[in-house]
Amino acid sequence: MVKINVPFLQTGSLVAGNRLLDEQDRAVASWQNRESSLTTGHRACQGCAEALGARWVLDTAYDCADGKLMVANATGCLEVFSTLYPESGWKLPWIHSLFANAASVATGMVAALAAKGDTETRVVAQGGDGGTVDIGMACISGMFERNDDVLFVCYDNQGYMNTGVQRSGATPPTARTATTPPVGPHPGQAFGQGKFMPLIAMGHEIPYVATASVADLRDLERKVRTAMSYRGARYLHVFVPCPLGWGSESGQSIQIARLAVRCGLFPLIEAVNGELVGSTKIRDRVDVMDYLKPQRRFAHVVAGKDPEQLAGLRAIAEKNIRRYRLLEGFGPSTESSNTESSNAESSNAESSNTGPSVEPPAGRDETTGPVTTEGGVA
Ligand SMILES: Cc1ncc(C[n+]2csc(CCOP(=O)(O)OP(=O)(O)O)c2C)c(N)n1
Ligand code: SF4
């Protein structure tokens, strides 16, 4: 008999790929009876990857929690576009916190549930990069340090988009924002190198930290499932292009997210108890310039107004590639990305990440660690 290798194309959708997979291996988006956690009633811009990322994260977390999930949301685009009074796009219990304190509100929700004897309902806190790396930092650090049983998700669109595209601590160098205009000898964002929150989270030695991208939704889904298999503080940092703030075509958000991974500027990594345990190998590496070109926020860099700017961005990509071993990747490979696609157009990054070790971090309380199938703690 002739063996035919059938490529699993688009396994995240209802088309051929999913029907070729066993039911338990199919993406959360393929379930016919599924209800989206974020649905009609929201007013995100066309092509908003934050809306896509949040829906995918919460649909997966909701599934992991058997529907017992509550969400605290920092102020930001995600909160504003999803809950314009009197409408709401959310189909799960959801609370709006202040800009700075989503992590603390989530901690309070966990404490209130515990006081009622409810150890099954899970809590997610979420916000933009401004609400995470800048104004929310103190509350998040406290939540990490206490190892509260919360999954904090940052949707990183690299700026304060909701209030008109101001610079945040996560805005990359050179980028044009409303507060870093492309003028003068060093146009655009001139400070730092873009705060990389996952390393700060790892410094707290919490059970699980990962980065993910809307460029690889199966990998994103797997990381949410891994995060939900733990108790204690967990952190997920999701790369979400913003067409309005980045000056890109709304139809190009996924492509731009892929290019960020492929050029090395956004590494896909995983860490357990503060130690790096896996990175996704870059397949088909591209130059940083390929990532910059479709975004008007980098138009002055592409035009070469200050040649050192491009060199600086390339150096950051090189450092990521070196630090996270992105050209080879490491850690045991995973189901989702191995079956993702053999088509370079539908997936340009191949994951070789590991699953987490089951060791709880030293000194943590006994509620830390992966959850057993019975819903208890291993
Ligand atoms: C203490 C405080 N300062 C400022 C604001 C105004 N504000 C609301 S949302 C926002 C920006 C949110 O940016 P980010 O967290 O990155 O989320 P995004 O909108 O980009 O998704 C700002 C400055 C506020 N609500 N509270
Ligand atoms: S401004 Fe950006 S983050 Fe906000 S809704 Fe529009 S595309 Fe999404």
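Quick caveat: nothing in here was measured; it's all calculated off a predicted structure.

Caption draft 1: Spotlight on the overall build of the chain. Scanning the chain for helices and strands turns up 14 helices and 12 strands. Taking all 378 residues of the chain together, 53% fall into the buried category. A sequence separation of at least 24 residues applies to 68% of the contacts in the chain between residues at least 6 apart.

Caption draft 2: Expanded view of the pairing of strand β9 (residues 275-279). Taken together, the four bridges between strand β8 (residues 269-272) and β9 define a ladder with antiparallel strand orientation. The residue of β9 that forms the bridge with Ile269 is Ser279.

Caption draft 3: Examining the site of ligand 2 more closely. Close to ligand 2 lie Ala44, Cys45, Cys48, Glu50, Cys77, Phe81, Asn157, Met161, Cys242, Pro243, Leu244 and Gly245, which account for all nearby residues. Counting residues per element, the ones that place at least two in the shell around ligand 2 are α3 (77-82) and α9 (243-246). By residue number, the principal contributor to the shell around ligand 2 is α9, which donates three residues. The residue makeup of the shell around ligand 2, split by class, is nine nonpolar, two polar and one charged.

Caption draft 4: Structural view of the site of ligand 1. Neighbouring ligand 1 are 19 residues; Gly76, Gly128, Gly130, Met161 and Asn162 lie closest to it. The set of elements that each furnish at least two residues to the shell around ligand 1 consists of α3, β3 (122-128) and α5 (129-134). Across the shell around ligand 1, the residue classes tally to six nonpolar, 11 polar and two charged.

Caption draft 5: The sheet that holds strand β4 (residues 151-156), seen in detail. Spatially, eight strands are ordered β2-β1-β3-β4-β7-β5-β8-β9 in an open sheet, and the strand pairing comes out mixed. Of all strands in the sheet, those bounded by a partner on one side alone are β2 (94-96) and β9. Geometrically, the sheet is characterised by an average inter-axis angle of 20° between neighbouring strands, direction not taken into account. Strand direction decides the pairing type here: β3 and β4, joined by five bridges, are parallel. Counterpart to Gln126 in the pairing with β4 is Val153.

Caption draft 6: Spotlight on helix α6 (residues 137-146). When we look at burial in α6, the residues that qualify are Cys139, Ile140, Met143 and Phe144. All buried residues of α6 lie within an arc of 135° about the axis, which places them on one face of the element. Counted as exposed and oriented over 90 degrees from the buried face of α6: Ala138 and Glu145. Residues of α6 that are buried in the fold lie against α4 (102-115), α5, β4 and α7 (197-203).

Caption draft 7: Up close: the packing of α4 against α6. With their axes 7 Å apart at the nearest point, α4 and α6 run at an angle of 35° to one another. Here α4 contributes Ala103, Ser104 and Thr107 to the contact with α6, which in turn contributes Cys139, Ile140 and Met143. Here the contact of α4 with α6 is composed, by residue class, of four nonpolar, two polar and no charged.

Caption draft 8: The pairing of β3, seen in detail. Of all seven residues in β3, seven are buried, a share of seventy percent or more. The alternating pattern of β3 places Arg122, Val124, Gln126 and Gly128 on one face and Val123, Ala125 and Gly127 on the opposite face, and all of these are buried. Pairing between strand β1 (residues 69-73) and β3: five bridges, direction parallel. Bridged to Ala72 within β3 is Ala125.

Caption draft 9: Representation of the confidence of the model for the chain in the model. Across the chain, pLDDT averages 86, with 81% of residues at or above 70. Below a pLDDT of 50 lies the segment residues 333-378, which in the model reaches 111 contacts outside its immediate sequence neighbourhood of four places, other chains included.

Conventions we followed
- Residues numbered from 1 in each chain as written.
- Chains lettered and ligands numbered in written order.
- Predicted model: local features only at pLDDT ≥ 70, side-chain atom pairs only at ≥ 80, totals over all residues.
- Helix = DSSP H or I, 4+ residues; strand = E, 2+ residues; numbered from the N terminus.
- Buried ≥ 20, exposed ≤ 12 C-beta atoms within 10 Å, placed from the backbone.
- Contact = placed C-beta atoms within 7 Å.
- Pairing = 2+ DSSP bridges.
- Near = placed C-beta within 6 Å.
- Nonpolar A, V, L, I, M, F, W, Y, C, P; charged D, E, K, R; others polar.
- Axes fitted to C-alpha atoms, helices over the stretch in contact; angles between N-to-C directions.
- Arc of directions from axis to C-beta.
- pLDDT = per-residue confidence, 0-100.

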